[in-house]
Every structure is written in C-alpha cells, then in structure tokens.
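Inside the fold
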Amino acid sequence: MNNEVTKEIALLLQNLGVEKNDINWGTQLTILAAIIIITYLCTKLFRHVVIPLIHKITARTKAKWDDYLFNTEMMKAFSRLIPPIMLYVLLPFAFSNSPQLLNFSLKVCLMYMDIVTILLVGTFLNSLYNISNEHEKLRNRPLKGIYQMIKLITIIIGIIILFSIILDQNPTNILAGLGASAAVLMLIFKDSILGLVAGVQLSANDMLRPGDWITMTKYGADGYVIEVSLTTVKVQNFDKTITTIPPYALVSDSFQNWRGMRETGGRRIKRSVNIDMNTIHFCTEGEIQGFIQKGFLDKKTDTSEKIVNLAVFRSYLLNYLNNNPKVNKDLMIMVRQLQPASEGMPLEIYCFSDTPDWIPYETLQSEIFEHVMAMAPEFNLRLFQRPAGTDLQS
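None of these values were measured; they are calculated from a predicted model.

Now for the environment of Ala 33. By the element assignment, Ala 33 lies in helix H2 (residues 25–60). A relative accessible area of 35% places Ala 33 in the partly exposed class. Sequence separation between Ala 33 and Ala 94 is 61 residues; the distance between their C-alpha atoms is 9.5 Å.

The structure is reproduced here in structure tokens:
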C-alpha cells in the first residue's frame, strides 16, 4: 500500500518536473508540509462532515445502541487515528533519501498510533458500559469492574507494544522477559486480579447489583450499593456515610442482601409483646357474653366450652391483621406464642407490610403495636414490664 501511494506521488511530481532522485532538503520540507496539510484537511473533513453525517443517520434509527456506539467522544477518539495512519503511509516518500530520519518518523507514528488506539479502546468500553446500563437485563449487573479490568489489560498490552517499538523488539520477546517477573506483577495487581474474579462471581451468581440494600456488619455497611468497580464496592449507609468494601470480601465473607424483600413488595414485621401470665385465665360467662357483644366472639360460639381470654385476643388480632389494608395479604400472617419466660408470655405478630419503603413500614408497625397495647385490657390481659421506681412507691 505504501509503495503504491509513493509511486503515485512520485509520478505526480515527475509530471511537474521534480525527479525523485533529485529531491533536496527544500523539496523534502515542501513535501512534508504538503503531507501535514493533507493530513490536517482529512482530519477536519472527517470531524466536520463525516461525524455529523453519522450522527444524523444514527438519530433516525430506532435503536439506542448506535447513539452510544457512535457518540461524539467515540468518533473523536476514532478521528485521532487518522493523522498517524496517513503520516505513516505518506512519510516514506518525503524522507526516501534519509532512511534514518524516515525510520525515526515511522517509529513516532507507530507510538502515536499505539497511544490513540489505547484511548479508542477505553472510549469504546465506556460506550459499551453505557449501552449495558440501558439494557433491561444488564443494567443491574456489576459490570463496571469487568470493563475496568479489560481497560487495564489493554493498557498493559499497549505499553508492551510501545516498548517493543522503541526497542525494535518483538512484543512476544518482551512478554517472555516479563514471565520471570510474573510473581512481582501478580503481587502488584493482586487486588485487581481478585477484584476481577470476584466481579465475575458476583455477576454470574447475581449476588449483588447497584441499588441493592446490603448489610455487612464486619465492614460497618448498612445501606444501598452505589458503585461496583474493579477494586471497591461503594455502599451509601443510611446516615449518608460511604463505606468501601473490597469485592472479593463479598465473595469470601457473608453479607445480607435485602433485594428479595424489595422484590416481594413487602417488608416483614416480627415483633412481640409480653403478656403477664397471671392475667391469662378461662373466661367467665360474663366475659364471654361481653366478648360476643363487642364482636370479639361469634354469636354461635359454644359457651359451654372453656375459652381462654388469650386465645380470644389472638383470634381478634389475626382478624385485625387480615382486615388491615396496609398488611400484605399475599404473604404470611400469623399471631403466635413464644416460649414463656420470666418476663411473661411473648405474643408475636408476624406479617408483612404492603410496601418495602422504610417510613410506611415503620408507621404500620407502630400502628399495629399501639393497637395491640391499647386492646389488651379489653380482654382482661395486662402487658408485662419491669417495675419502675414509681411502681414501688405506689
């Protein structure tokens, strides 16, 4: 390709009366200036004509991926390849009589091409990351660390190629030389390597997504994941502080992910109150009639059977929860007794709110237990609490 272009330019100059063998420094500088001008014009033409044309075409398509893949940053990064490629093709004619200068110039072009290629790959990976964020199935995957690792590998390969150009060595020879220092390199990039492996495991097993609420007591993390990168996982705690966790710690250690709770659309309420066991008894005939009048018992209830006031209270609470519009009816609803203790008989409410949001959940939980504490005396039950100083005085 270079020889063909050189022959065409030589033929053009011969038609103008300039022989290739008679090219002096003045002529070489003139040709070099012409090459630089042509390169500049081609670059400007690409930036101001080709790029706007591509943007018009991508704007008319329904797909969004081409808008990211051919965005302004991507096209500018691609346009940076035009000058070194054109100079590499055209410089052999300008310095045909100066092999050392030509060799140096071509080296500079290759080094420049190597650097802009690294930048182009980085921009391309950024575009891919933006596309994955728009994809419904990929937006919640922790892919940032994987993209960062690919960038790091690209930079390492680019640096090796750069040194091979400078030293006039085959890149494979340099890689073979680096093999002896592989242990040192693994020590330097230990966190990056572990981060890459952990990122793949987290993504493949769907263990963590940006936006998940996680709890990891060991690292003091209790909040939402805002970023999953190659070396850190950033968690914004509820007190607005930021906790950073190494990705491999999430694989090797245990953490709690609350995503399942949010996906079910409800949040669990599991709390108990202690009933004074001295107030638990069989209901008298008068109590039974009073419960029937208040609607706590059905009118068809067999009054000849012994009925415990705590059982009536449990039945009432279960009915109350089933008729509460803020309680999720698709999930478990239960009122149960726990193991009696010195503090009394624990009566536990187990149900789910109809929303996973924190404030409505806490409001519902408070409303339920305020109702429980207010209704207990209606069933001749007393809630247990340790005596305070005022209790002893009275």
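Still to come is the rest of the account.
Moving on, we come to the packing of helix H5 (residues 82–94) against helix H6 (residues 99–134). In the contact formed by H5 and H6, the axes pass within 9 Å of each other and the chain directions differ by 165°. Here H6 runs roughly antiparallel to H5, going by the angle between their axes. Note on packing geometry: the crossing formed by H5 with H6 is left-handed. Contacts from Pro 83, Pro 84, Ile 85, Leu 87, Tyr 88, Leu 91 and Pro 92 of H5 reach H6 at Leu 102, Ser 105, Leu 106, Cys 109, Leu 110, Tyr 112, Met 113 and Val 116.

Moving on, we come to the packing of aromatic side chains. The geometry of two aromatic rings is summed up by the distance between their centres and the angle between their planes. Under the defined criterion, the tally for this structure stands at 12 aromatic pairs. The interplanar angle of 80° and the centroid separation of 5.3 Å between the aromatic rings of Trp 213 and Phe 238 together place this pair among those described as edge-to-face. With a gap of 25 residues between them, Trp 213 in strand E1 (residues 213–216) and Phe 238 in the loop between strand E3 (233–237) and strand E4 (242–245) connect regions that are remote in the sequence. We classify Trp 213 as buried; its relative accessible area is 6%. Phe 238 gets classed as partly exposed once you look at its relative accessible area, which sits at 31%. Cluster of aromatic residues (ring-pair linked, three or more members): Trp 213, Tyr 224, Phe 238, Trp 258 and Trp 358. Above the ring of Tyr 361, the side-chain terminus of Arg 267 is found at 4.6 Å from the ring centroid. The aromatic ring of Phe 369 is capped on one face by Arg 271, whose charged end is 5.5 Å from the ring centroid.

Thresholds applied
Residues numbered from 1 in each chain as written. Predicted model: local features only at pLDDT ≥ 70, side-chain atom pairs only at ≥ 80, totals over all residues. Heavy atoms only, no water. Helix = DSSP H or I, 4+ residues; strand = E, 2+ residues; numbered from the N terminus. Buried < 20%, exposed > 50% of the residue type's maximum accessible area, 1.4 Å probe, protein only. Axes fitted to C-alpha atoms, helices over the stretch in contact; angles between N-to-C directions. Parallel < 35°, antiparallel > 145°, perpendicular 65-115°, else oblique. Left-handed = near helix turned anticlockwise from the far one by under 90°. Contact = heavy atoms within 4.5 Å. Phe/Tyr/Trp six-rings, centres within 6.5 Å; stacked < 30°, edge-to-face > 60°. Lys NZ or Arg CZ within 6 Å of the ring centre and 35° of its normal.

Distances and angles like these do not, on their own, reveal function.
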